[in-house]
Amino acid sequence: MNWLDKLERKFPRFGIPNITLYLVACNAIGFIISNISDIFAAYTSFDVYHILHGQIWRLVTWIFTPSSGNTLSMIIFLLCAIGWGRSLEMMQGTFRTTVFIVGGVVISDILAFVYYFISGFILQANGLGGSSSLGNASFGLSPYLTSYYIILTILMEMALIFPDGEVRLWFILPLRMRWIFWITLAELAYEIFYVARAVWGLRILYNNLVIVLLIGAYVAEIIFALLNLLIFYLASKNRLTHRQKQRRREFQQQFRQAEPRPGSGIARHKCAICGRTELTNPELDFRYCSKCKGGYEYCNEHLFTHQHR
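To keep things clear, this report deals only with the structure shown in the data block.

Parameters and conventions
Residues numbered from 1 in each chain as written. Predicted model: local features only at pLDDT ≥ 70, side-chain atom pairs only at ≥ 80, totals over all residues. Heavy atoms only, no water. Salt bridge = Lys/Arg side-chain N within 4 Å of Asp/Glu carboxyl O. Helix = DSSP H or I, 4+ residues; strand = E, 2+ residues; numbered from the N terminus. Buried < 20%, exposed > 50% of the residue type's maximum accessible area, 1.4 Å probe, protein only. Axes fitted to C-alpha atoms, helices over the stretch in contact; angles between N-to-C directions. Parallel < 35°, antiparallel > 145°, perpendicular 65-115°, else oblique. Contact = heavy atoms within 4.5 Å. Nonpolar A, V, L, I, M, F, W, Y, C, P; charged D, E, K, R; others polar.

**Regarding the pattern of salt bridges**
Think of it this way: side chains of opposite charge can pair up when their charged atoms draw near.
Point 1. Scanning the model with the defined rule gives two salt bridges in all.
Point 2. Of the charged contacts in the structure, one is a salt bridge between D164 and R178, with a shortest N-O distance of 2.7 Å. Of this pair, D164 sits in the loop between α8 (148–161) and β1 (166–169) while R178 sits in helix α9 (residues 177–200), and the two are 14 residues apart along the sequence.
Point 3. A salt bridge links E301 to R276; the nearest nitrogen and oxygen atoms lie 2.7 Å apart. In this pair, E301 is assigned in the segment after β4 (297–299) and R276 in the loop between α11 (242–256) and β3 (286–288), connecting sequence segments 25 residues apart.
Point 4. In this structure E301 comes out as partly exposed when scored by relative accessible area, which is 48%.
Point 5. Of the residues examined, R276 reaches a relative accessible area of 22% and is grouped as partly exposed.

**Regarding unusual backbone geometry**
With glycine set apart, most residues show a phi of negative sign, and most peptide bonds adopt trans.
Point 1. Even without being a glycine, N18 presents a positive backbone phi close to 55°.
Point 2. Counting through the fold element by element, N18 comes out in the loop between α1 (3–10) and α2 (19–36).
Point 3. Note on N18: relative accessible area 41%, which makes it partly exposed.

**Considerations on the packing of helix α6 (residues 71–92) against helix α7 (residues 94–125)**
Point 1. It is at 7 Å that the axes of α6 and α7 come closest, and there the two elements cross at 125°. It follows that α6 is oblique to α7 by the angle criterion. Contact residues: α6 offers L88, E89 and Q92, while α7 offers T94, R96, T97 and F100.
Point 2. Here the residues of the contact of α6 with α7 are counted per class, giving two nonpolar, three polar and two charged.

This is how it looks when you write it as C-alpha cells:
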C-alpha cells in the first residue's frame, strides 16, 4: 500500500465531486473577464513578488488565468475537458482525481517559489538583480502560471490509466489512448521549443543567462504540470514492500520444487490381477477388457491371459 492508498483510506470523504467542472468554470470565467478588462488578470495572476508583499490570494486565483487562444478553440477545449474530468473520476475515483488536480496547483505554487529564488540568486550573482527592464524582478523571475496544462494532463492521465482505450478523433478517426498521450507530449515539447525560439530572439536586449531564465519562466507551467503527472502516476502504482517481495520469492521457489503435489500419489490405472499401477510401473500399458462385466482394467501382461468375469 503506497501513500496515496493510505490517504484515500484515511480521508475518503475529502474528495471533491466534479472538481474538473469547477476548474473549467474558473478558466472560463477568467477567459471572459480578461477579454473585457485587463484589471482582473492584473490582480489574480501568479506573481511571487506581489505574493511576498501580502497578495496571498494569488496562490489560488491564478487558476482563473486562461491560456492564450481564440474564443472558439477555448470553448472546444473546455467542453472536452469536462468530459475528460468526468471520465477520469469514473476511472480512479473522486478522491484521487481531487488529489491529482489540487496537487497540480500546490506543486506549481511550490516550484514557482523555488524558481523565483533560484533565478534571483543567479541574477544577483551576475550583477543583474533588480533590473527594471525585467519588470517586477526585484529579486528573481516569477513563472507564468495558468490552469491550461493542468487540465491538459487530465487527458494524459486517462491515457496512462487506460492506454488501450479508443477514441474517435474528429468523431471519425479511431485512435488509441496511448497514441494520444504521445501526440500530446510531442505537442508540449513543440510548445517549449517554440517559446524558447521566440524568447531567444530577445538576446539583443539581454545576455544569454537572462534569456535562459526567461525561457524557464515561460515554460515552467508545462514542466510543473508534467512533473505533477509523473508524481501522481508513480504514486498510483502498487509497489510491493520488501516483506511482500520475499514472500513472493519463497512461494515461487516452493512451486518450482520437484516434490509431489497433493493428490499426485493417486493412481489412475490399476491392474485387476497384479495390482500394479502406472506409478509403480510406468513401463506398463493398461487397457479395459470389453468382455468383462464391470469395467475391469488390466496391464498388458494380463490383458489377454486373464479369465473373463
